[in-house]
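Here is what each chain is made of, one letter per residue.
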Amino acid sequence: MLKDNFGRTHDYLRISLTDVCNFRCQYCIPDENTSFMPSSRLMKVDEIDAIAREFVKLGVKKIRLTGGEPLVRKEVSEILLALSKYPIELTLTTNGQRTNEFIEVFKKAGIKSINVSLDTLDKDQFFSITKRNVFGKVWNNIQQLIDEGFHVKINTVVMRDFNDTEILDFIEWTKNQSVHVRFIEFMPFDKNQWNTQKVFSYQEILDVAATKYSFIRMKDGLNETAKKFKPFGHEGTFAVISTMSAPFCGNCNRMRLTADGKMKNCLFSKGEADILTALRNSEDIVPIIKQCVASKAEALGGQFEGDYKKIDATKIANRSMINIGG
């Protein structure tokens, strides 16, 4: 069992398969000509498997595959099936463009729940955000996932004067379909043009929701990051991930492994532990993992706290979101 110095048990590992993405969302990859890691730096399939095995031995019960876009990794099916042999909940986060190609692989790997990142329900706005004219395909793929019985969560980063006017549209979607929308507060990362004015807060989202819908707060699960709500008469739900205005660090159980095999004990941590190099040097990676967890800061990577409106994003040392893994 992995515990940090604040008594938090860590049993959830997020593994980035690649920093490559087939979209160019402006808050994630604002530059169309962004360069990505050479393949030699990426964890190979057997290395991902070997590292995951050690984490499972140390008590990890859930693994989420992320990117970039994990489904552009050519060995993704092999990776999914390799990890499916462990006694864990296996899932992934995707932009939804290629899920139709992997339905049978998902089922064979025992995946029950899939997160799809989608920041707008308007096809023109979608193109503006992603620089890709594929809204119809993404929408149809989401419908297919729902029809095939997957538990579908929609991750929507809400930004002021950008897509905050669509909050009610997303909640309306949950009326007749069992889809679970998660509104995410905009967070600061390297070169993502974050500023406090763009943050549309947890309370603001609830205030907008309350102008049209009646809803109740649902019971939080253990180590839950999303504050969940059930609108009366709706098949689905909505939730808010309030990292900036109401952090949830006190019960955090998450660890991250970047595509180049660096372990981060927090999304906002400055430091990283080089797991991949140690593995390639035939070193025991368990002490490195344990030390990384033990050194975890109490909150938000130790980089900021308190009122998010007072944060100076230029002083935050971190990778870009796509280099960390969603």
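This text goes with the structure placed above it.
To keep things clear, this report deals only with the structure shown in the data block. Note that the structure is predicted; figures quoted are calculated from it, not measured.

**A short note on the overall build of the chain**
Then step 1. Tallying secondary structure elements over the chain gives ten helices and 14 strands in all.
Then step 2. Buried positions account for 57% of the 326 residues belonging to the chain.
Then step 3. Taking contacts inside the chain between residues at least 6 apart in sequence as the whole, the part at least 24 apart equals 72%.
Then step 4. Here the chain has roughly 14,200 Å² of accessible surface; of this, 49% comes from carbon and sulfur atoms.

**A short note on the pairing of strand β6 (residues 113-117)**
Then step 1. β6 sits mainly inside the fold: four of its five residues count as buried.
Then step 2. Alignment of strand β5 (residues 89-94) against β6, held across three bridges, turns out to be parallel. Each residue of the ladder has a partner; that of Thr94, found in β6, is Val116.
Then step 3. With respect to chirality, the unit in which β5 leads through helix α3 (residues 103-108) into the neighbouring parallel β6 is right-handed.
Then step 4. With five bridges joining them, β6 and strand β7 (residues 151-158) adopt parallel strand pairing. Considered in β7, the bridge of Ser113 is made with His151.

**A look at the pattern of salt bridges**
Then step 1. Under the definition given, this model contains 16 salt bridges.
Then step 2. As a salt-bridge pair, Asp49 and Arg53 come within 3.7 Å of each other at their nearest N and O atoms. Taken together, the positions of Asp49 and Arg53, both in helix α1 (residues 45-57) and four residues apart, correspond to about one turn of that helix.
Then step 3. Of the charged contacts, one joins Glu101 and Arg98 as a salt bridge, the two residues approaching to 2.8 Å between their closest N and O atoms.

**Some points on the state of the cysteines**
Then step 1. If you walk through the whole model with that rule in mind, you get zero disulfides.
Then step 2. Cys249 takes part in no disulfide bond, and the closest cysteine sulfur, belonging to Cys266, lies 6.2 Å away.
Then step 3. Using a relative accessible area of 16% as the deciding quantity, one classes Cys249 as buried.

**With respect to the pairing of strand β10 (residues 226-231)**
Then step 1. Of the pairings in the sheet, the one linking strand β9 (residues 215-217) to β10 comprises three bridges and is antiparallel in character. Note on β10: the bridge partner recorded for Arg217 is Phe229.
Then step 2. Sheet analysis places β10 next to strand β11 (residues 237-241), joined by four bridges and oriented antiparallel. Opposite Lys227, over in β11, you have Val240 as the bridge partner.

**Quick look at α1**
Then step 1. Given a rise of 1.5 Å per residue, 13 residues ought to cover 18 Å, and the 18 Å separating the end C-alpha atoms of α1 matches this to within 8%.
Then step 2. Most of α1 sits out of view: ten of its 13 residues are buried.
Then step 3. Looking only at α1, the buried set comprises Val45, Glu47, Ile48, Asp49, Ala50, Ile51, Ala52, Glu54, Phe55 and Val56.

**Describing the packing of aromatic side chains**
Then step 1. The final tally for this structure, using the stated rule, is twelve aromatic pairs.
Then step 2. Taking 6.1 Å as the distance between ring centres and 90° as the angle between the ring planes, the aromatic pair formed by Phe170 and Phe183 counts as edge-to-face. Residue Phe170 is located in helix α6 (residues 167-173), and its partner Phe183 is located in strand β8 (residues 179-185); the two are separated by 13 residues in the primary sequence. Residues Phe170 and Phe183 agree in their burial class; the two are buried.
Then step 3. Three or more aromatic residues joined by ring pairs form one cluster here, namely Phe126, Phe135, Trp139, Phe170, Trp173, Phe183, Tyr202, Phe215, Phe229 and Phe238.
Then step 4. Geometry around Tyr12 places Lys62 over its ring, the cationic atom sitting 4.7 Å from the centre.
Then step 5. The ring of Tyr202 has Lys227 sitting right over it, with the charged end atom 5.3 Å from the ring centre.

**Topic: the nonpolar core**
Here is a general trend for soluble globular proteins: nonpolar side chains tend to be buried in one another's company.
Then step 1. Ranked by internal contacts, the top residues of the largest apolar core, which has 76 residues, are Ile15, Ile63, Phe106, Ile154 and Met263.
Then step 2. Considering every element that reaches this core, the biggest residue donor is α1, with six residues.
Then step 3. The contacts of Ile154, once residues within four sequence positions are left out, are Val116, Leu118, Ile142, Phe170, Trp173, Val179, His180, Val181 and Arg182.

**Focus on the sheet that holds β10**
Across a sheet, paired strands are connected by hydrogen bonds in the backbone, their directions being either parallel or antiparallel.
Then step 1. Here we have twelve strands laid out as an open sheet, ordered β9-β10-β11-β8-β7-β6-β5-β4-β3-β12-β13-β14, and mixed in their pairing. Whereas interior strands pair on both sides, the edge strands pair on one side only; in this sheet they are β9 and β14 (273-274).
Then step 2. Sheet topology note: the strand β4 (residues 62-66)/β5 ladder contains four bridges and is parallel. Paired with Lys62 across the strands is Glu89, a residue of β5.
Then step 3. This element, helix α2 (residues 76-83), spans β4 and β5 of the sheet and lies at about 175° to β4.
Then step 4. With respect to the sheet, helix α5 (residues 135-147) is in contact with β6, β7 and β8, its orientation differing from that of β7 by roughly 145°.

Cut-offs applied
Along every chain, residues carry numbers that run from 1 in the direction the sequence is written. Predicted model: local features are reported for residues with pLDDT of at least 70 only, side-chain atom pairs are reported and counted for 80 or more only, and whole-chain, interface and lining totals are derived from all residues. Side-chain calculation: all heavy atoms of the structure are included, whereas hydrogens and water are not. Only runs of H or I of at least four residues qualify as helices and only runs of E of at least two qualify as strands under DSSP, and these elements are numbered from the N terminus. Exposure categories follow from relative accessible area, calculated using a 1.4 Å probe and restricted to protein chains: below 20% of the type maximum is buried, above 50% is exposed, and the middle band is partly exposed. Pairs of residues are marked as contacts when any of their non-hydrogen atoms sit within 4.5 Å. Here the open area of atoms and residues is found with the Shrake-Rupley method and a 1.4 Å probe, where only the protein chains shown may cover a residue. One bridge is not enough; two strands pair if DSSP finds at least two bridges between them. Orient the strands so they point away from the viewer, and a crossover whose first-strand-to-second-strand path over the helix runs clockwise is right-handed. Any Lys or Arg side-chain nitrogen found within 4 Å of a carboxyl oxygen on Asp or Glu counts as a salt bridge. Put simply, a disulfide is two cysteine sulfurs that come within 2.5 Å. How far a helix is expected to stretch is found by multiplying one less than its residue total by 1.5 Å. Aromatic contacts are taken between Phe, Tyr and Trp rings whose centres are within 6.5 Å, Trp giving its six-membered ring; a plane angle under 30 degrees counts as stacked, one over 60 as edge-to-face, and the others as tilted. We call a charge positioned above a ring when the Lys NZ or Arg CZ atom is no farther than 6 Å from the ring centre and deviates by at most 35 degrees from the ring normal. Definition used in this section: a nonpolar core is a set of buried Ala, Val, Leu, Ile, Met, Phe, Trp, Tyr and Cys residues joined via side-chain atoms within 4.5 Å. Whenever a helix is involved, its axis is fitted only over the stretch in contact; in every case the axis is a line through C-alpha atoms, and angles between N-to-C directions fall within 0 to 180 degrees.

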